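A look at the structure
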Amino acid sequence: MDDMNAARLEDAGGGRTRGARPTRLTGRNLLAPAVVFAVGLASTVIAGLSYDRVAAERDAQRFESLVAQRVISIDERMSLYVGLLRGVAAYFAVDQTIDRARFSALIRRLRIDEEYPGVQGVGYVSLIEDAAAQATLEEAMRTQGVAGFAVWPDADDRTPESAADTSEALRSAIALLQPEDARNRQAIGFDMASEETRRAAMIRARDRGSATASGRVTLVQETDEDVQPGFLVYLPVYAGGRIPETVEERRRLLEGWVYAPFRARDLFDRALFQGLGGELAFAVYDGVEPTPENLLYRTRDLGEPGRLGFASVERITIADKPWTVVLETAPLFERASPRVFTPFIFLAGLLATGMLTAASVRQARAVDAAEQARTEVEELNHTLEHRVERRTAQLERARARLAELNVDLERAVQARTAELTAANEEIQRFAYIVSHDLRAPLVNVMGFTAELETVRSDVEALLADLAEKAPEIASEDARRAIESDLPEALGFIRASTQKMDRLINAILKLSREGRRVLSAEPVALSEIVEGLRDSLAHQLVERDATIEIGPLPRITSDRLALEQIIGNVVENAVKYLDPARPGRIRVTGQDAGPLVRLAVTDNGRGISQTDFERIFDLFRRAGRQDVPGEGIGLAHTRALVRRLGGSIEVESTAGEGSTFTITLPKVLDDATKASKDENKDQKESVA
């Protein structure tokens, strides 16, 4: 009906339904998006180029800083090694005797492995002036424990001297070298002057009176495995312990050299560049020309300059020897460069430009749509009042109809409530009357059963007397009927009447409980459970069972009803414990806002899931019927729980135990209690 009215309203006056017209951008409206796109594109290009320029400058500064760091680290570390040699030279200046034991103790105290990482050792090269001096040195070293000490190679096996040194015959021998590891032991006795590069460095050190590094050599300590380039640093030792003033005096007073051999890769990896990061790749060359034959050390990633293209060639002097260090940026440096964000800046700028342009286009379309909508609103404005009036009339009629329906609904609810109340009262009266009226004949049956028992005793005595006097009269069937059949029948009658009496009493109890007035008062649930545990103490001992009481809250409710509810559930838990294991019953409570949840958990027989509802039915029981009971307790418990405005549920696994959960309001609702009490008063007045 509303759809038909809407269709008529939309068709009012024109005979057609208006639809939304698609908006089309005109040249005037396209101007703003074009300007936004041009400005955004220009801003993106300018911002990207500016950022890239600043980032490149920062990369260059960082590269220069890292280069200076590494050059300084090489110079400082090598100066430290030269200082070590000066200290050892001072030792020989004080005592110029060659004492192997004292020299070994000195080197151990210096802890060169810890304090001077990268050095292969520290040694002393003795100058040999003639054959007698050589024999004296060899005898002295053998006496000090160097078995088979000899100067090698022989003079005849030496390499030809360079043209610059042909006028000078120089002979030496490594007398001391610590630490005495496998590599260093094979260098003992070696004549360093027999090799051109070493001899040139030894002569420069002697003539200049300062530390001098050799060129690239292969140390005599090298084995067949892991052969590395090496170099040596020499410091001359002069007689008298001071450096002579002239070259002639230095040559005359020379005693020998303190020296340190270095394996280049061990030195650079362990000392010179350790901890400086991997942002630069570098190579170190002996001399001023970075040629392959002069290479001392090279990192694995040194090659073509990376994407950033930073490279530097530095010249440094180490112990009076020039070195060339080539440094380039490594991949780690490039990954840390801020220039990696340049493409993202261009991308972000293009994205922002596209979004702004799209927003500008949408705004232009919105302007056109607004103009179109304004025209349509003006056209439809004259029908708006008519629509409002008609809709208002429809709402008024609907409101009136709703009011009528509400009145009818309230009457129906009141009538239905009255019917249910009357039916409930009738059921209560019927239960009371039936149980009351059944008791009278039941009492008669029970009385006459007692009379029959008395008569049976008399007849039995008479039959016994007759059997003595006239046995032919007292038949066996009569005697069996009096002594066996009649007592058995009377026993069945008595058991049935007692069971009926218990059922009638239970019905009367339920009827009276339904009419009892509830009385709300503060109740400590822990006190009720503790009292119940004390009353069941004897049964708990017999069944080897315990009742654990957890935290229980206080509530405001009917004390008598609570005692009956908790008592029925706990007594059932004790009654149906499994005799095969010690019984454990736990009572706990939980505060749930306006509600309280009481849980009784046991490890008894358990209940099958199909019997979860059956156990709450009146006169219905589940499981083995080997425990006394009439099937009334849980039905009565659920009725009491519902009277208090709560609910009771069970969760159980057969053979493992059960948990009964009782949910009750923390405070008994006065309105509900008053209504229930009023109904009970009406029942009592009717009864």
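Residues numbered from 1 in each chain as written. Predicted model: local features only at pLDDT ≥ 70, side-chain atom pairs only at ≥ 80, totals over all residues. Heavy atoms only, no water.

**Notes on the pairing of strand S15 (residues 647-653)**
Stated precisely, the cut-off is as follows: Residue exposure (1.4 Å probe, protein chains only): buried if accessible area is under 20% of the type maximum, exposed if over 50%, otherwise partly exposed. Helical segments are the DSSP runs of H or I of at least four residues, strand segments are the runs of E of at least two, and each set is numbered from the N terminus. Being paired, for any two strands, means DSSP has found at least two bridges between them.
On S15, burial follows the alternation: Ile648, Val650 and Ser652 on one face are buried, whereas Ser647, Glu649, Glu651 and Thr653 on the facing-out side are not. As paired strands, S15 and strand S16 (residues 657-665) are joined by seven bridges and run antiparallel to one another. Across the sheet, Thr653 pairs through a bridge with Gly657, a residue of S16. In sequence, S15 turns back onto S16 through a hairpin of three residues, with Gly655 there showing a positive phi of about 90°.

**Quick word on a nonpolar patch on the surface**
To keep things clear, this is the line we draw: Residues forming no salt bridge and having over 30% relative accessible area are the ones grouped into patches, like charges within 9 Å of each other and nonpolar side chains (Val, Leu, Ile, Met, Phe, Trp, Tyr) within 5 Å. The Shrake-Rupley method, run with a 1.4 Å probe sphere, supplies the accessible areas, and residue values consider only the shown protein chains as cover. Definition used for salt bridges: Asp or Glu carboxyl oxygen within 4 Å of a side-chain nitrogen of Lys or Arg.
Taken together, the side chains of Phe37, Leu41, Val45, Leu49 and Leu350 define a hydrophobic patch exposed on the protein surface, amounting to about 430 Å² of accessible area. Considering every element that reaches the nonpolar patch, the biggest residue donor is helix H2 (residues 27-94), with four residues. Position of Leu41 among the secondary structure elements: in helix H2.

**Examining the packing of aromatic side chains**
Note the cut-off: Under the pairing criterion, centres of Phe, Tyr and Trp rings, with the six-membered ring standing for Trp, must be within 6.5 Å; the plane angle then separates stacked pairs below 30 degrees from edge-to-face pairs above 60, leaving the rest tilted.
On inspection of all chains with the given rule, the structure shows 15 aromatic pairs. Note on Phe63 and Phe333: the rings are 6.4 Å apart at their centroids and 85° apart in plane angle, and the pair reads as edge-to-face. One end of the pair, Phe63, is in helix H2; the other, Phe333, is in helix H10 (residues 331-335), and 270 residues separate them in sequence. Geometrically, the ring pair formed by Phe268 and Tyr297 is stacked, given 4.9 Å between the ring centres and 15° between the ring planes. Of this pair, Phe268 sits in helix H9 (residues 264-272) while Tyr297 sits in strand S7 (residues 295-298), and the two are 29 residues apart along the sequence. Grouping residues by exposure puts Phe268 and Tyr297 together as buried.

**So, the pattern of salt bridges**
By the definition in use, this model includes 26 salt bridges. Among the salt bridges present, the one from Glu195 reaches Arg198, with a minimum N-O distance of 3.2 Å. Judged by its relative accessible area of 21%, Glu195 falls in the partly exposed class. Note that Glu548 and Arg586 form a salt bridge whose closest N and O atoms lie 3.3 Å from each other. Here Arg586 lies in strand S13 (residues 583-592) and Glu548 lies in strand S11 (residues 545-549), a separation of 38 residues in the sequence. Overall, the relative accessible area of 38% leaves Glu548 in the partly exposed class.

**Remarks on the packing of helix H13 (residues 525-535) against helix H15 (residues 559-575)**
For any two helices packed against each other, the geometry comes down to the angle between their axes and how far apart the axes lie. Applied cut-off: Between N-to-C directions, angles cover 0 to 180 degrees, with each direction set by a line fitted to C-alpha atoms, over the stretch in contact for helices. By definition in this entry, angles of less than 35 degrees are roughly parallel, angles greater than 145 are roughly antiparallel, angles of 65 to 115 are roughly perpendicular, and the rest are oblique. Crossing handedness follows the turn of the near helix against the far one: under a right angle anticlockwise gives a left-handed crossing, and clockwise gives a right-handed one. A contact between two residues is defined here by any heavy atoms of the two lying within 4.5 Å.
Running from N to C, H13 and H15 cross one another at 50°; their axes reach a closest spacing of 10 Å. Taken together, the axes of H13 and H15 are oblique relative to one another. Crossing of H13 against H15: the hand is right-handed. In contact with Leu525, Ile528, Val529 and Leu532 of H13, H15 contributes Arg559, Leu562, Glu563, Ile566, Gly567, Val570 and Glu571.

**Re the environment of Asp578**
Quick note on the threshold: Identification of polar contacts relies on pairs of N or O atoms within 3.5 Å, with a donor-acceptor requirement for protein atoms, meaning one able to donate a hydrogen and the other able to accept it, and with residues adjacent in sequence counted only if both atoms are side-chain atoms.
Mapped onto the elements of the fold, Asp578 is located in the loop between H15 and S13. Exposure remark for Asp578: the relative accessible area of 21% places this residue in the partly exposed category. Once the C-alpha coordinates of Asp578 and Arg605 are considered, the two residues, 27 residues apart in sequence, prove to be 5.3 Å apart. In this structure Asp578 touches Asn603, Gly604 and Arg605, once residues within four positions along its chain are discounted. Reaching out from Asp578, the side chain makes a polar contact with the backbone nitrogen of Ala580 at a distance of 3.0 Å.

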